[in-house]
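# Residue-level structural notes
What follows is the residue order along each chain.
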Amino acid sequence: MMVEFTALTEIASSKTFGAALTLAVFLLAERFHRRRPSPLTHPLLISSLSIILFLEIFGIDYSAYNEGGQLISFFLGPATVALALPLYRRTREIRRRAVMVLTSVSAGAAAAMVVAAVVVKLLGAGPRLVLSMIPKSVTTPIAVEISGIIGGEKALTGVFVVLTGILGAMFGPEFLRACGIRDERAVGLALGTASHGIGTGRAIKEGETTGAFSGLAMGLAGLITAILAPLAAMVFDRF
Amino acid sequence: MGAVQVRGLATILLFELAGEVFVSLTGIPFPGRVLGLLLLWISLCKGWVAEESIESAADFLLQNLTLFFTPIVVGAMVYREVLTAHWFAISLSLFLSTAVGLLVTGKAAQRLDKVGSR
């Protein structure tokens, strides 16, 4: 029994284990999502829950798994930088409607950030949770980086980012229409600002203009939140 | 991976590195990678970096963003106690902030769009 246990721990701590497990489970989750497309079957949600379940069942520590997991999350860095390309492709659109785009995205990003932090704070959460909540509306790689800088927990922010995206993608367009917001550009900007990439996935299905503006808002909201979040964190630290 | 992708990835990594180095030298509370994004965006606009030279590497990275993020979300298992202890506060916060974010952005955009087209 003891021998088996040691062998398992040894295998689990090898870099290959975490990397291979992540890739295999992710591919299965993607296939599942294609078969049953819905924000609730988002590959990130299904794959991470499945991996957690697997690790729990076999009693493998996160740190052991993450030896290999790190190899995959390393690519988040260059992927963040690569977001420059879609922004570059829409530079003309940004210039043409600079006031509308920048004002609405900044206002929405700031409002989401403040509401998110104030609600958990009022309901008695500690500073770590409040700080992890602040950047959760923006695209995953940027949110996680901001979280680390302001003193939040990257993994907690990661979970909140995914859940936010799922909420926005499931109810966003219906909610906006119920509030009298029908303009394609406005719907796109709102989805991208409040629910990043997962919301943008839904926006693309709503229409080409909606999708383009959502992608644009997603990038800008990330930049604006990176600037505003350290300020918000300082304010919340005082109270 | 072909030579083009390798060169594209090298360019992107250099911009990330430039951002990280700047942040660590100045100590500003800003993500180095996001600074790298800004620098690359400016370089593309100025024509210092050609779109074609990074296109295939960037597309590869962006298409697999969800995969790269998985190990970080798995890290939530470490925080299960926090998540279960505060599940109500977290759910309410997520619902309200998403709704407010959508509403504020949408309303502002719709109003400013009308002003602009008048």
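Residues numbered from 1 in each chain as written. Chains lettered and ligands numbered in written order. Predicted model: local features only at pLDDT ≥ 70, side-chain atom pairs only at ≥ 80, totals over all residues.

## Overview of the overall build of chain B
This is how the line gets drawn: A helix here means a DSSP run of H or I that spans at least four residues, while a strand means a run of E at least two residues long, and both kinds are numbered starting from the N terminus. The size measure is the radius of gyration over C-alpha atoms, and the globule rule it meets is 2.2 Å times the number of residues to the 0.38 power. Think of it this way: build a C-beta for each residue from its backbone, and any pair within 7 Å is a contact.
Helix and strand content of chain B: six helices and zero strands. The order of helices and strands in chain B, counted from the N terminus, is α-α-α-α-α-α. For 118 residues, the compact-globule estimate of 2.2 N^0.38 gives 13 Å, and chain B exceeds it by more than 25% at 20 Å. With respect to the three principal axes, the spread of C-alpha positions in chain B is 55 × 50 × 35 Å. Sequence-distant contacts in chain B: of pairs separated by 6 or more residues, those separated by 24 or more amount to 49%.

## A word on the environment of G18(A)
All names here are of chain A. Locating G18 in the fold gives a position in helix α2 (residues 15-35). Taking the C-alpha atoms as reference points, G18 and I72, 54 residues apart in sequence, are found 8.9 Å from one another. Among all residues touching G18, those that are not within four sequence positions of it are Y65, N66, E67, G68 and G69.

## Notes on the packing of α2(A) against helix α3 (residues 43-57) of chain A
Residues and elements named next belong to chain A. Our working definition: Here, axes are lines fitted to C-alpha atoms. For helices the fit covers the stretch in contact, and angles between N-to-C directions go from 0 to 180 degrees. Angle categories are assigned with fixed cut-offs, so that under 35 degrees is roughly parallel, over 145 is roughly antiparallel, 65 to 115 is roughly perpendicular, and the rest are oblique. Each crossing is labelled by how the near helix is turned from the far one, with a counterclockwise turn of less than a right angle marking it left-handed and a clockwise turn marking it right-handed.
For the pair α2 and α3, interaxial distance at closest approach is 8 Å and the crossing angle is 135°. Between α2 and α3, the angle falls in the class oblique. Read as a crossing pair, α2 and α3 show a hand that is right-handed. Here L21, T22, V25, F26, A29, E30, F32 and H33 of α2 come into contact with α3, specifically with P43, I46, S47, S50 and I51.

## Some points on the interface of chain B and chain A
The criterion, for reference: Following the grouping adopted for this structure description, the nonpolar residues are Ala, Val, Leu, Ile, Met, Phe, Trp, Tyr, Cys and Pro, the charged ones are Asp, Glu, Lys and Arg, and the polar ones are all others, Gly among them.
Facing 64 residues of chain B, the contacting portion of chain A comprises 88 residues. Broken down by element, the residue count for the side of chain B that touches chain A peaks at 25 residues, all from helix α6 (residues 87-117) of chain B. Here the side of chain B that touches chain A is built from residues that sort into 45 nonpolar, 13 polar and six charged.

## A short note on the environment of G207(A)
By secondary structure assignment, the location of G207(A) is in the loop between α12 (184-206) and α13 (208-238). As a C-alpha pair, G207(A) and G188(A) span 19 residues in sequence and 9.1 Å in three-dimensional space.

## Brief notes about the confidence of the model for chain A
Note the following rule: As a per-residue quantity, pLDDT reports the predictor's confidence and falls between 0 and 100.
For chain A, the mean per-residue pLDDT works out to 89, and 96% of the residues sit at or above 70. Averaged pLDDT values for the elements of chain A fall to 67 in helix α1 (residues 2-13) of chain A and rise to 95 in α2(A).

## Some words on the domain arrangement of chain A
All names here are of chain A. Short version of the rule: Throughout, the edges of the domains are those of an automatic or database domain assignment.
Per the domain assignment, the segments of chain A are domain 1 (2-74) and domain 2 (86-238). Between domain 1 and domain 2, the contact holds five residues from the first and six residues from the second. Partitioned by chemical class, the residues of the side of domain 1 that touches domain 2 number four nonpolar, one polar and no charged.

## With respect to the confidence of the model for chain B
Residues and elements named next belong to chain B. For chain B, mean pLDDT is 89; residues scoring 70 or higher make up 95% of the total. Taking the mean pLDDT of every element in chain B, the minimum, 85, falls on helix α4 (residues 65-74) and the maximum, 93, on helix α1 (residues 3-26). Per the prediction output, this complex has pTM 0.83; the corresponding ipTM is 0.88.

## A word on the nonpolar core
The following threshold applies: Think of a nonpolar core as buried Ala, Val, Leu, Ile, Met, Phe, Trp, Tyr and Cys residues chained together by C-beta atoms that fall within 7 Å. Put plainly, a residue is buried at 20 or more neighbouring C-beta atoms within 10 Å of its own, exposed at 12 or fewer, and partly exposed in between, counting only other residues' C-beta atoms, which are placed from the backbone.
One finds A82(A), A84(A), M113(A), I134(A), A190(A), L40(B) and V73(B) to be the most contacted residues of the largest nonpolar core, which totals 112 residues. Leave out the neighbours within four places in its chain, and M113(A) touches I134(A), S137(A), T225(A), L228(A), A229(A) and A232(A).

## Concerning the domain arrangement of chain B
On domain assignment, one finds that chain B holds domain 1 (1-63) and domain 2 (72-118). Look at where the C-alpha atoms of domain 1 of chain B and domain 2 of chain B centre, and you get two points 29 Å apart.

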